[in-house]
Amino acid sequence: MRRRSLLAASSAAMLLAACGNGDDEGGENGAAPAIEGDENAPANLVFWAWAENIQQVVDLWNTKNPTQKVQLSGQAASDELVSKFLTAVKAGNAPDVVQAEYQALPTLITNNALADLTSAIDDRTRSAFPEGTWNLTSFGGATYGIPQDVGPMMLFYREDIFTEMGFSVPKTWEEFGVLAKAVRQKDPKKYLTTFSPGDAGWLSGFAQQAGAKWWSNTDDAWTVAVNDEATKRMLSFWGGLVNSGDLLGDPMYTPQWNSQMSDGTIIAWPSAVWGAGVLTGVTPGLKGKWKAAPMPQWSASEQFTGFWGGSSTAVSTSSSQKAQAAKFAKWLNSDPEALAALAKIGLYPAASAGQTAEVLGNPPEIMSAQPDYYTTAAAIAKTARGFDSWGPNTNVTYGAFEDLLPTAVKNKTDFTAVADQVQNTSLEDLKKQGYQVA
Amino acid sequence: MTTATRRRKPAAPYLMAAPAVLLFIAFFLIPIGYAIWLSLHAMRVRGRGFGVRTEVFVGLENYISAIGDSAMYEALVRMLAYGVIMVPVTMGLALSFALMLDVPKVGLKSFSRLAIFLPYAVPGVIASVLWGFTYLPAVSPVTRIFTEAGLPAPDFFGDVSIYFSIANIAIWGSVGFNMVVLYTALRAMPAEVYEAAKIDGASEWQIAWKIKIPLLAPALIMTSVFSLIGMLQVFSEPNTVKSMTNSITPDWVPLMRIYQQGFIENDIYLSAATSVLLALVTVLLSLAALAVFRFRARRSS
């Protein structure tokens, strides 16, 4: 009935839609309790995202799907987007599709703002991503977002300065610490790197690498372990180096940091795969002078890294075009052409097919010293491990870290004490909100 | 019949006032009412595991947590430290500039007036980024001048100096505005008063102290209250400089604490309660300041 009335309403549009979607999967919407409707029906979707130049990918969709228009609305990232999106859902004018960072998903889900996409994810879509990536968007057996990009962490370093000073790339954190001191001794103007205390996302990447499990949910009750052994080991390592003056403790992304990264005051940067794009912007004069290596390890015998950043595409509960929205989200993150376009605008796609050298092409110009940059990155990406789960109040945990850690750096106090304080804040907040806490 | 005609009032005044009243209701009363409504509610989780958050009525619970929030008191203390620098310096500079411009036979008046006023036109966030450059040692021209001269460079982000650094941005931006208000008030004063004073043999200094400043009292009161309110609302300067230093926490001043509650911790309910409390403090403080000023003005006259 529904379909016929739609046909009657705009048969021409339907025909066009059918042509435009020739290369997409056919309308495979079987018994779908959560996502209802015809995913090929005409639609006008509103998409909130912050990724730079993502309009190019949206344009590609719009040319191929003339009856299912997507209108992009550029938004600010992280906490600001979360608050804005939640408010919009409450006000009933939320977008259909939203770019959501992985750690923001639990907050959005518990606010009942995201549609359960489980039934819309067919086998083809599922197999397009490494199974571990689905953990980032699945909670309690249901999937709420299509993974978009991931940020496996790696170590960027100034190859020219390392060679000149006779340093080799540290393989373990222990070597990293020794090197930090050596840099100071050899040239008091230089620092190996800076520990930026106000970036909780960066910090959680280090924690993941160390094997921390900040949140877990068993028998429907939450366990919070922000001060677990792995996190404390990691924090005490950085605290020792920063408080002794072997490393800087200044925030990154400041005009000062830009200048120090350019003039060789800072000679290494633990970052994520997208860091090459940042380096291009910050140190334009250093083309071919940066190289990337795997992150230093806690034990020489293992090989792990963590994730910094990364986001997914999700559908809002208030959307009246959920099926079409889900179709767009799937296309955006798994269609070969879309993946190539995402890679071109600097996102490191979460889909396996998006991480091959063919899609990613030549290394970014800044990394021209390393022709196999993307092959290296893909190998590093395979060693990445995330938390088992993000907490339902990750924003509070992040906020507490960003509140306390800069003060610890300023006052040269124990970093591990911060972990204990953050643990208390996180737990208290969970209890206050009414969550079951183990 | 007679009562009906007597009751009929002309509609014009109501019609003319209607747009203003509607705007007042839409952009003033409704948001305040909504904020109060929000402050009496909270999101609570129902069900196990992830559960679902639902909005529930919690009475004064948010107010109790807002009043018991130690971070807020620390923020208030920092705000006061900032205000102790910002308010008197702004007012002192604005008054001095206004009086100087008002002295006859001072050249380049319109140029100076514009130059002093110009920073007011620069948005707070941009001014903060601008000053941030000057404060960061590796890129600061000030630090460079000091080191080139072989002197120890000042630390703009020290425990004490940070208050001066932040106050400086606000002072730089607001002196011009206050100066224009005071200067305009000065220009509006009758010239005969000055002529009479000159005939009596008063110097420019005496005219300024004995005549101009007392006559400026109403304008000074108004600008002082504005500065006080500006102190209570300080946000964009520290919030922008925050990303450049470890010396400014996300809850550095009251409005930043409210922002943190609302947009980082996603608790707009608690944030609304704290806002209502801060608004009350603002109103009370403004009224108190006005009362003090009025009392003193009346006594001196």
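These numbers come from a predicted model, not from an experiment.

Draft legend 1. Looking closely at the overall build of chain B. Within chain B one finds 13 helices and 2 strands. Computed over the C-alpha atoms, the radius of gyration of chain B is 25 Å, more than 25% above the 19 Å expected from 2.2 N^0.38 for a compact globule of 301 residues. A principal-axis box enclosing the C-alpha atoms of chain B has dimensions of 90 × 85 × 35 Å. Taking contacts inside chain B between residues at least 6 apart in sequence as the whole, the part at least 24 apart equals 63%. In chain B, which carries 23 positive and 16 negative side-chain charges, the distance between the mean positions of the two groups comes to 13 Å.

Draft legend 2. Quick peek at the overall build of chain A. Tallying secondary structure elements over chain A gives 19 helices and 11 strands in all. The globule rule puts the C-alpha radius of gyration for 438 residues at 22 Å, and the 23 Å found for chain A is close to it. Seen through its C-alpha atoms, chain A measures out along the principal axes to roughly 80 × 50 × 40 Å. Sorting the 438 residues of chain A into buried and exposed places 58% on the buried side. Once local pairs closer than 6 in sequence are excluded, the contacts in chain A between residues at least 24 apart make up 75%. When the accessible surface of chain A is totalled, it reaches about 16700 Å², and 51% of it is carbon and sulfur.

Draft legend 3. Layout of the interface of chain A and chain B. Opposite the 41 residues of chain A that make contact, chain B presents 37 residues. Contact with chain B buries surface across chain A, with A:K90, A:P255 and A:Q256 losing the most and accounting together for 17% of the total. Here chain A and chain B share 3 salt bridges between them. Note that B:D267 and A:K432 form a salt bridge whose closest N and O atoms lie 3.4 Å from each other. Across the chain A-chain B interface, the total number found is 15 residue pairs in polar contact (both at pLDDT 80 or more). Of all the secondary-structure elements, those providing two or more residues to the side of chain A that touches chain B are α4 (78–91), α5 (105–110), α12 (255–262), α18 (394–411) and α19 (415–433) of chain A.

Draft legend 4. Structural view of the environment of A:W134. Residues and elements named next belong to chain A. Mapped onto the secondary structure, W134 falls in helix α7 (residues 131–135). Accessibility expressed as a relative area gives 1% for W134, which makes it buried. Separated by 13 residues in the primary sequence, W134 and P147 have C-alpha atoms spaced 7.0 Å apart.

Draft legend 5. Looking closely at the packing of helix α10 (residues 200–210) of chain A against α18(A). Residues and elements named next belong to chain A. Here α10 crosses α18 at 100°, and the two axes come no closer than 9 Å. As summarised for this structure, α10 and α18 are arranged roughly perpendicular, according to the angle between their axes. Residues A200, G201, L203 and S204 of α10 form the contact with α18, whose own contacting residues are Y398, F401, E402 and L405. Its residues placed into classes, the contact of α10 with α18 shows 5 nonpolar, 2 polar and 1 charged.

Draft legend 6. How the structure looks around a nonpolar patch on the surface. Residues B:V21, B:F24, B:I25, B:F28, B:L29, B:I30, B:I32 and B:I36 make up a contiguous nonpolar surface patch of roughly 690 Å² in combined accessible area. Its place among the elements puts B:V21 in helix α2 (residues 12–39).

Draft legend 7. Structural detail: the nonpolar core. In this structure, A:F156, A:L192, A:W238, A:F328 and A:F401 are the most contacted members of the largest nonpolar core, which totals 146 residues. Leave out the neighbours within four places in its chain, and A:W238 touches A:W173, A:F176, A:T193, A:F195, A:F206, A:L247, A:P270 and A:F415. Core analysis: the next-biggest nonpolar cluster, separate from the first, contains 49 residues, B:I116, B:Y194, B:L216 and B:W252 among them.

Draft legend 8. Quick look at the pattern of salt bridges. Under the definition given, this model contains 20 salt bridges over all chains. Two residues, B:E55 and A:K90, come together in a salt bridge whose shortest N-O distance is 3.0 Å. Pair noted here: B:E55 is in strand β2 (residues 52–57) and A:K90 is in helix α4, and the two residues belong to different chains. Classification of B:E55 as partly exposed rests on a relative accessible area of 30%. For A:K90, a relative accessible area of 41% translates into the label partly exposed.

Draft legend 9. Spotlight on the UniProt feature "transmembrane region" (unreviewed entry) in chain B. All names here are of chain B. Residues annotated by UniProt as "transmembrane region" (unreviewed entry) correspond here to residues 12–37, 79–101, 113–133, 162–186, 215–235 and 268–293. Spanning residues 79–101, this segment combines 100% helix with 0% strand, and its end C-alpha atoms are found 32 Å apart. Within the segment residues 113–133, helix and strand shares are 71% and 0% respectively, and the terminal C-alpha atoms sit 26 Å apart.

Draft legend 10. Local environment of the confidence of the model for chain B. Of all residues in chain B, 96% have pLDDT values of 70 or greater, and the mean over the chain is 89. Reported for the predicted complex are a pTM of 0.86 and an ipTM of 0.86.

Draft legend 11. Representation of the environment of A:G211 within the structure. Residue and element names in this part refer to chain A. Structurally, the position occupied by G211 is in the loop between α10 and β7 (215–218). Placed 17 residues apart in sequence, G211 and D228 show a C-alpha to C-alpha distance of 9.5 Å. Excluding residues that lie within four positions of it along the chain, G211 makes contacts with A230 and R385.

Draft legend 12. Fine view of helix α12 (residues 254–264) of chain B. Burial analysis of α12(B) places 8 of its 11 residues in the buried class, which makes it a mostly covered element. Positive phi appears at B:N266, one or two residues downstream of α12(B), with a value of about 60°.

Parameters and conventions
- Residues numbered from 1 in each chain as written.
- Chains lettered and ligands numbered in written order.
- Predicted model: local features only at pLDDT ≥ 70, side-chain atom pairs only at ≥ 80, totals over all residues.
- Heavy atoms only, no water.
- Helix = DSSP H or I, 4+ residues; strand = E, 2+ residues; numbered from the N terminus.
- Rg over C-alpha atoms; globule rule 2.2 N^0.38 Å.
- Contact = heavy atoms within 4.5 Å.
- Lys, Arg positive; Asp, Glu negative; His and termini not counted.
- Charge placed at Lys NZ, Arg CZ, Asp CG, Glu CD.
- Buried < 20%, exposed > 50% of the residue type's maximum accessible area, 1.4 Å probe, protein only.
- Areas by Shrake-Rupley, 256 points an atom, 1.4 Å probe, with all protein chains shown as cover.
- Buried area = accessible area lost by both parts, 1.4 Å probe.
- Salt bridge = Lys/Arg side-chain N within 4 Å of Asp/Glu carboxyl O.
- Polar contact = N/O pair within 3.5 Å; in protein donor to acceptor, adjacent residues only side chain to side chain.
- Axes fitted to C-alpha atoms, helices over the stretch in contact; angles between N-to-C directions.
- Parallel < 35°, antiparallel > 145°, perpendicular 65-115°, else oblique.
- Nonpolar A, V, L, I, M, F, W, Y, C, P; charged D, E, K, R; others polar.
- Patch = residues over 30% accessible without salt bridge, like charges linked within 9 Å, V, L, I, M, F, W, Y side chains within 5 Å.
- Core = buried A, V, L, I, M, F, W, Y, C linked by side-chain atoms within 4.5 Å.
- UniProt positions renumbered as here; feature names shortened; annotations may be inferred.
- pLDDT = per-residue confidence, 0-100.

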